[in-house]
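# Descriptive structure summary
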Amino acid sequence: MRNDSSCNSTDHLVSRRSMLGNMLAGAAGVGALGQFVHPLVAKEIEAKKKQVLIFLLNGGLSQFESFDPKPNTDTGGPFRSIPTSVPGTHFSELIPYTAQVAHKLAVVRSMFAERVPGSHGGAREYVVTGRPPQQGPYPWIGPVYSKLLADNEDLPGNIHITPSRWGPRQDAAFLGPRHASLVLSGGQPPLNVNRPEVFDKELDESRYKLRQIADLRFSQRRRTAHTEAYQSSYDQAAQLIRQKDLFDVTRESEKDQLRYGSHDVGRHCLLARRLLQKGVTCVKVTHNNYDSHMENFNFHLEQLGEFDKPFATLMQDLDDSGALDHTLVMLVTEFGRTPVIQPDNGRDHWQDSWSVVVGGCGIQTGGVLGATNDNGTEIVDRPVHVGEMFHTYMRAVGLDPTATHLVGGNKVPFGAPERSAVKELLI
Amino acid sequence: MVIYLTTRYRRFIRCVFVALMSIPVSSNAEDVPLHQLIDQHIDAMLVEQKLTAAVPSSDAEFLRRVYLDLTGTIPETQTARTFIEDSDAHKRTKLIDRLLASDSYDTHMAIVADVMLMERRPDKDVTTDEWRGYLAQSFAENKPLNILVAEILGADGVDEKLRPAAKFYLDRLVDKDVLVRDIGRLFLGVDLQCAQCHNHPDIDDYLHQHYHGLSVFVAGSKTFKQPDGKFVLQEEVMREVEFVSVFAPNKTSKTGPRILDTLMELPKVAEGDEYVEKPSRTVRSVLKVSLRKLLSERLPSDATPEFARAMANRLWAMVMGRGIVHPLDMHHSANLPSHPALLNALAERLMSMKYDVRGFLRELTLSATYQRSSFIPDGVDPAKLPEDSFAVANVKGLSPEQLFESLLVATGAAAIFEMQIDDAISEDSKAVAADDSEQPDSQETDAEKIAEARRLKRAARVDEFVTIFGGVPGQPEGEFSASLPQALFLANSETLSAWIPARLDNLTARLVALDDSTRFADELYLGVLTRFPEEEERTLINEYLESKRADRPKAVAALVWSLLASVEFRLNH
Amino acid sequence: MTESTFVPQPDGADPIATRLVAELKHDRGILACRYDTVNHFLFAGARDYFVHRWDLAREPVVEPPADPKKKPKVPPVPVAPMDSRIELAEHQSWVGGLSLFGDGERMATGDFVGRLVVWSDRAGVPKPLFSFEAHKGSIRKVAVSPDGNLVATVGNDGAVRVWHTDSASKLHVELLGHDCHVYHVAFHPDGKSLISADLKGRVKHWDVETGKLVREIDASLLYAYSEKYEVDVGGIRGMTFNADGSQVCFAGATGDKGIAHSGNARVLLFDWESGRLLKELRPEKEEVCTAWGVQFHPDGFIIGSGGSRTGGFLWFWTPDNEVAFHMVRFQQRAPGFDVDLAPDNRTLAVANHDGVIRLYEMSGEKKADLAEAGT
């Protein structure tokens, strides 16, 4: 954490003078200001630092057409199941590439949650906060990781790669906008990342320095919490403006761009890899849209046809580089889809049983936890509640879900206190 | 099962200083002006807690604060200079009165009330524009707050004049659960949300029957689509609701309409004779005894003291930066007011003043408590000076609208902004012209249409700020916090980048033309921060400008930006 | 309101009198059904791995009511005896493609994992003549040439393939050009032309002999790209020529309502010669649903079947009027995925999502029927 940028010490008058001196001497980006404006850490991040990669299959992925196929049953749909790299475990034929990395994953086929208000929004919130939305809002898991794991102040702790036309979401709740997801809508750089013409590079540095000096003066003899967060937001902004290529996926090799594919989710997965490599703590990729009330089979074929390969490629790459050892990967969706095939060949929302997938850091992979019955209408083994998964996601990266956030002087447990982690999934 | 309700960062179990509840204040409180009464209560508590209060604010500090609180923007340079240099002993009182009488007060209060009541929900059946127009008119007339709320709670959307008031219901889709929760939170200061399924797990006073009792008032209300396509409210018979607790599923209870502990008697109506217009597909159903009307008569009135208490607390928080009950909608025994006697006094005065908002705000802003400095007293550890002591003026983040207006004033970019709007409108009309082979009749493009287009363009720019700086839709505005997208916006956005560089008569242009370094610094600091610079700041500016002589206009622009982007500008302190 | 432009011929079919006469029950949604015009059978593909054959010679029976004391409000519908249906096993997924040869012997079926099966002895004990993976991914439809020498298949791999039927899996020609899932295929009655239609509403006209693309017909009214969901929606679901091949119909839905709701049901009537859209046939009141099946009736009207979860329908149009002159709304809220016309030209079979094939007669109720239902 930042330590001394805006405490109430009188030292600031001194440091301000020296800063001014440096600035006037024309020193660019070094000197006393270096303590506020770090250059981006370009090297690979250290192995021990924990990172998280989240895939959100938005709309509600069908468990039947993915991780819990039930071919040749009344509910099963037209697709076959195929063997995976884990002997005895079958996935739907719609995800052949993912099937090849199954040994790097743990599949939970027995997810469930109570129905909550707000349909998709509510269910999604339940999955990513571990708490019923009507009790919230609680911070989503990305902001939680940003708060608890991010130690690089110069990078956003939590970046969300979304389909185009998605705006920012206030997903940090009481953790504050500081930890809210930085949204890369359509995989594009954040808004307002280009310096306006009026400020050239040199002047740009000056204005940030002057701004900071003004903040230091203000923070003397005032409560400092506001100023700290404020300063930090500008430090990040200054860094991003200088390091826009962080978001530039075309800087990756042509070979990799081909491997991941030219469609959006391919580019987004490659961008996710790039951001993780650069040291971003939590990266989330949202893939639209699985809400197939109509033509479930066609739409899953189309969506998973896009998603399958880049997802598996990214898993493979993370494994090859050793990053999977310190990177937790989760693939979540707000709920599953009904066993019953609806009149328009669709499947509706289903919170009684669905599948999620975890892998990487801290996870016991290569297995399947829980089971549904022959035609997937109910869980018959080891039901896992969404609240338990939230705890598991915490434990996997070494966080204690029973520890607490301090909110306005009050302790709020990270995870729902009535739940606990799924031990079978953890190493 | 233990349920931890953080509920929007709000919280419940805080240490309760019940012992502090009875503190002696002035014996005959009735005769004392409210602003003095406030100071008596606050000061007594400071003595009790052995806390040191901050010194009175400087004129500059007070001026900026009261401008932002009552008009939603910072003052112009000349206004600041005149006020600070004015030697009139009563200038603060005069300023408060002037601001309360200004048009800006009406529009600012309309925004405040809108954000409070609608919490930035997207528009549905009533536009924000119509709604704010109605609110601004209400504040201009100084419509008593109970009347305003009665209009809102009694609205059916049929009467053209009062149609905007129906936004509260219509834009919540007349959803019973949302309405019960929000009526409780906003007008009674209590959040009944989790009393919906059972008696509140943590808070004994939020009884299940409170929730369902309130729901009876709105449970019969539904939307009705008029032939003209507009949605209005209709009402069907509802006299009581049954409810079952999840903790005791076998036990069914009933309640009639109830506001917290007060059960309402309903006039007897013979069965089959309840309607003026019976429900049908084509006709809006109207009851002889409307429960919504009953709610609008009983809730915002002296008969429901919780209403005055909640309203007093909200107005207090608006200017003092924090409620006496805080969060504002969490009044219950585990979250007691910081100054219970003061809150009671405020509520009583609001009632005796007949819910006169302007008069009430006048008293609040006249108080020494309001007019304290935000500087922590020398030698005091800020960590030991709780915000709810009001020993020091609490800082508040500028709302998106306050930030927008203040940036516009500070940069002196009104004329540039008008040109931006002109450009945007002419872009639009070019696109239309290119689209349409038939040219629209130019006679028809009257002044009204242009004004409308300008207003929309302006609103779109403000919306840009709301998206980035505003709170979560459907939730109360959170406390001040900074984020990366906000910093990027202030640093690089097209909107702001057009206002800062020297152009026309904007601030940077005026500064560039000033050779005298003292006047330069004064103009800059008065314009942006509503104060004169300190000696150190003057030195800094001079040294900086000396070093950047090559391109003075750009150097000045960078300097202007640095103050606009400073935390001092971003906060109301 | 549009006046009906249809007048039944003496002794002809009377669509306005359409009534449900029998139910062929199964427990899985029925995707396709075809009358055997030579033998007295009805064949169907369903959401299971079988081809189903009903023996229509077996008289439907009225099932005894569940509660004998309660008199049913509507007369019960006769149901085909349970043992009038046999299941033919060979497929490995749902069977959506079904086409009968004119020889009374053979039949071609295709499933959702790309398997094509050509069956022999369809009136006796049907057996696969040959069976192989003809496409990567689903086969959506199959079509048999008028002379019975060729079978065309289309699938999710974007390919159109034409197979010889005299020996196992001998490819006559592969027709490439669709860049998305191909949903439908049909031979022109002259046997020289073949059309294939895809998800994006593009119809390709091929020369069967040479395999050359002759032209494209634009039926993309039945397609939309959903910006919100970033997916293609719609496609050509039903397709058929009239008897002399002068007109062709495409069934589907127009507009983008995302992936939770269909667009509005439409049947597009085209002139074959010019490739011109003649009429955009629609229900009298817009229905958020898809037209799945379409047939020409020899009496000069067009029959569509379709629906969604909000309701299932039969529509009847004359070629000169966009608006259906009659509509039958099903009791069950489920679409009719396919419709076929019986050899008597009076009876319609509708394959329904709810697992039942319903037979409708386009004629007034006979007195005898009434008396029977009344007892």
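Residues numbered from 1 in each chain as written. Chains lettered and ligands numbered in written order. Predicted model: local features only at pLDDT ≥ 70, side-chain atom pairs only at ≥ 80, totals over all residues. Heavy atoms only, no water.

## Brief notes about the overall build of chain A
Helix and strand content of chain A: 10 helices and 17 strands. Residue burial in chain A is summarised as follows: out of 427 residues, 64% are buried. Just so you have it, chain A exposes about 14,700 Å², and 51% of that area is on carbon and sulfur atoms. (Helix = DSSP H or I, 4+ residues; strand = E, 2+ residues; numbered from the N terminus. Buried < 20%, exposed > 50% of the residue type's maximum accessible area, 1.4 Å probe, protein only. Areas by Shrake-Rupley, 256 points an atom, 1.4 Å probe, with all protein chains shown as cover.)

## A closer look at the domain arrangement of chain A
All names here are of chain A. Domain assignment breaks chain A into domain 1 (1-35 + 200-247) and domain 2 (49-189 + 251-425). Taking only C-alpha atoms into account, the centre of domain 1 sits 38 Å from that of domain 2. Every contact between the two is made by nine residues of domain 1 and, on the other side, 15 residues of domain 2. When the area that domain 1 buries against domain 2 is broken down by residue, the three leading residues are Gln236, Leu246 and Phe247, summing to 54%. (Domains from an automatic or database assignment. Contact = heavy atoms within 4.5 Å. Buried area = accessible area lost by both parts, 1.4 Å probe.)

## Things to note about the environment of Phe55 of chain A
Residue and element names in this part refer to chain A. One can find Phe55 in strand β1 (residues 51-57). Sequence separation between Phe55 and Val357 is 302 residues; the distance between their C-alpha atoms is 9.7 Å. Excluding residues that lie within four positions of it along the chain, Phe55 makes contacts with Cys269, Val285, Phe307, Phe311, Leu314, Val329, Met330, Leu331 and Val332.

## A word on the domain arrangement of chain B
Its domain assignment divides chain B into domain 1 (124-183 + 191-298) and domain 2 (400-431 + 454-572). One C-alpha centre belongs to domain 1 of chain B, the other to domain 2 of chain B, and the line joining them spans 44 Å.

## Observations concerning the interface of chain C and chain A
With 36 residues of chain C in contact, the opposing surface of chain A contributes 33 residues. Taken together, the connections running from chain C to chain A amount to three salt bridges. With a shortest N-O distance of 2.7 Å, Asp348 of chain A and Arg309 of chain C are connected by a salt bridge. Only β19 (231-234) and β25 (302-308) of chain C provide two or more residues apiece to the side of chain C that touches chain A. (Salt bridge = Lys/Arg side-chain N within 4 Å of Asp/Glu carboxyl O.)

## Topic: the packing of helix α21 (residues 517-529) of chain B against helix α22 (residues 535-547) of chain B
Residue and element names in this part refer to chain B. One can describe the packing of α21 onto α22 by two numbers: an axis separation of 10 Å at closest approach and a directional angle of 110°. Classified by the interaxial angle, the pair formed by α21 and α22 is roughly perpendicular. The two elements α21 and α22 cross, and the hand of that crossing is right-handed. Note on element contacts: α22 touches α21 through Glu537, Arg538, Ile541, Asn542 and Leu545, opposite Ser517, Thr518, Phe520, Ala521, Asp522, Leu524 and Tyr525. In terms of residue class, the contact of α21 with α22 is built from six nonpolar, three polar and three charged. (Axes fitted to C-alpha atoms, helices over the stretch in contact; angles between N-to-C directions. Parallel < 35°, antiparallel > 145°, perpendicular 65-115°, else oblique. Left-handed = near helix turned anticlockwise from the far one by under 90°. Nonpolar A, V, L, I, M, F, W, Y, C, P; charged D, E, K, R; others polar.)

## Here we look at the sheet that holds strand β21 (residues 247-254) of chain C
All names here are of chain C. Within the open sheet, the four strands sit side by side as β20-β21-β22-β23. Their pairing is antiparallel. Only two strands of the sheet have a single partner each, and these edge strands are β20 (238-241) and β23 (277-281). Shown here is a sheet whose adjacent strand axes are inclined to one another by a mean of 20°, direction ignored. Inspection of the sheet shows β20 paired to β21 by four bridges, in the antiparallel sense. The partner of Met239 across the bridge, within β21, is Phe250. (Pairing = 2+ DSSP bridges.)

## So, the nonpolar core
In this structure, Phe55 and Leu275 of chain A together with Leu524 of chain B are the most contacted members of the largest nonpolar core, which totals 125 residues. Of all the elements, helix α23 (residues 552-564) of chain B adds the most residues to this core, at nine residues. Ranked by size, the runner-up nonpolar core spans 97 residues in total, among them Ile96, Ala136, Leu364 and Val392 of chain B. (Core = buried A, V, L, I, M, F, W, Y, C linked by side-chain atoms within 4.5 Å.)

## Considering α22 of chain B
Residues and elements named next belong to chain B. Across its 13 residues, α22 extends 19 Å between first and last C-alpha, which sits within 8% of the 18 Å expected from 1.5 Å per residue. Inspection of α22 places Glu537, Arg538, Leu540, Ile541, Tyr544 and Leu545 among the buried residues, and these make up the whole buried set. End-on, the buried residues of α22 take up no more than an arc of 160°, which puts them together on one face. For α22, the exposed residues set more than 90 degrees away from the buried face come down to Glu535 and Glu546. (Expected span 1.5 Å × (residues − 1). Arc of directions from axis to C-beta.)

## Let's talk about helix α5 (residues 201-219) of chain A
Along its 19 residues, α5 of chain A runs 27 Å from first to last C-alpha, staying within 8% of the 27 Å computed at 1.5 Å per residue. With its phi angle positive at about 60°, Arg221 of chain A sits one or two positions after the end of α5 of chain A.

## Structural notes on the environment of Leu331 of chain A
Among the secondary structure elements, Leu331 of chain A is positioned in strand β8 (residues 327-332). A sequence separation of 76 residues divides Leu331 of chain A from Val407 of chain A, and the C-alpha atoms of the two residues are 29 Å apart.

## Here we look at unusual backbone geometry
Residues Asn288 of chain A and Asn289 of chain A are joined by a peptide bond in cis, for which omega reads -10°. Residue placement: Asn289 of chain A occurs in the loop between β7 (282-287) and α9 (296-320). Residues His326 of chain B and Pro327 of chain B are joined by a peptide bond in cis, for which omega reads -5°. Following the sequence through the fold, Pro327 of chain B ends up in the loop between α12 (305-320) and α13 (340-352).

## Notes on the pattern of salt bridges
One pass over the full model with this rule turns up 98 salt bridges over all chains. Across the salt bridge formed by Asp329 of chain B and Arg185 of chain B, the nearest N and O atoms sit 2.8 Å from each other. Of this pair, Asp329 of chain B sits in the loop between α12 and α13 while Arg185 of chain B sits in helix α9 (residues 176-188); the two residues are 144 residues apart in sequence, bridging distant segments of the chain. Residue Asp329 of chain B shares its accessibility class with Arg185 of chain B, and that shared class is buried. Two residues, Glu568 of chain B and Arg531 of chain B, come together in a salt bridge whose shortest N-O distance is 2.7 Å. Placement of the pair is Glu568 of chain B in helix α24 (residues 567-570) and Arg531 of chain B in the loop between α21 and α22, with a sequence separation of 37 residues. Here Glu568 of chain B matches Arg531 of chain B in class, with each residue buried. One continuous salt-bridge network, built from bridges that share partners, spans Glu252, Asp256, Arg259, Arg273, Arg274 and Asp317 of chain A.

## Examining the arrangement of the chains
Here two pairs of chains are in contact, and chains A and B lead that list by number of contacts. Chain B makes no contact with chain C; the smallest distance between any of their C-alpha atoms is 18 Å.

## Examining the interface of chain A and chain B
Every contact between the two is made by 63 residues of chain A and, on the other side, 71 residues of chain B. For the pair chain A and chain B, the two sides together bury roughly 5,800 Å², of which 63% comes from carbon and sulfur. The three residues of chain A that bury the most area against chain B are Arg217, Arg221 and Arg223 of chain A, which together make up 13% of that side's buried surface. For the interface between chain A and chain B, the tally reads five salt bridges. Residues Lys548 of chain B and Glu202 of chain A are paired through a salt bridge, measuring 3.2 Å at the closest nitrogen-oxygen approach. Linking chain A to chain B there are 12 residue pairs in polar contact (both at pLDDT 80 or more). Those elements that place two or more of their residues in the side of chain A that touches chain B are α1 (11-24), α5, α6 (225-242) and β17 (410-413) of chain A. Tallying contributions element by element places α5 of chain A first for the side of chain A that touches chain B, with 12 residues. Per-class residue counts for the side of chain A that touches chain B are 33 nonpolar, 15 polar and 15 charged. (Polar contact = N/O pair within 3.5 Å; in protein donor to acceptor, adjacent residues only side chain to side chain.)

## What about the packing of helix α5 (residues 103-118) of chain B against helix α14 (residues 357-366) of chain B?
All names here are of chain B. Running from N to C, α5 and α14 cross one another at 95°; their axes reach a closest spacing of 13 Å. By the angle between their axes, α5 is roughly perpendicular relative to α14. Residues Tyr105, Asp106 and Met109 of α5 form the contact with α14, whose own contacting residues are Val357, Arg358 and Leu361.

## Side note on the packing of aromatic side chains
In the structure shown here, the tally under the stated rule is 40 aromatic pairs over all chains. Where Phe55 of chain A meets Phe311 of chain A, the ring centres are 5.0 Å apart and the plane angle is 85°; that geometry is what we call edge-to-face. One end of the pair, Phe55 of chain A, is in strand β1; the other, Phe311 of chain A, is in helix α9, with 256 residues separating them in the sequence. Overall, Phe55 of chain A belongs to the buried group, its relative accessible area being 1%. Considering the side-chain rings of Phe316 of chain C and Phe325 of chain C, the 6.4 Å spacing of their centres and the 40° angle between planes classify their relative orientation as tilted. (Phe/Tyr/Trp six-rings, centres within 6.5 Å; stacked < 30°, edge-to-face > 60°.)

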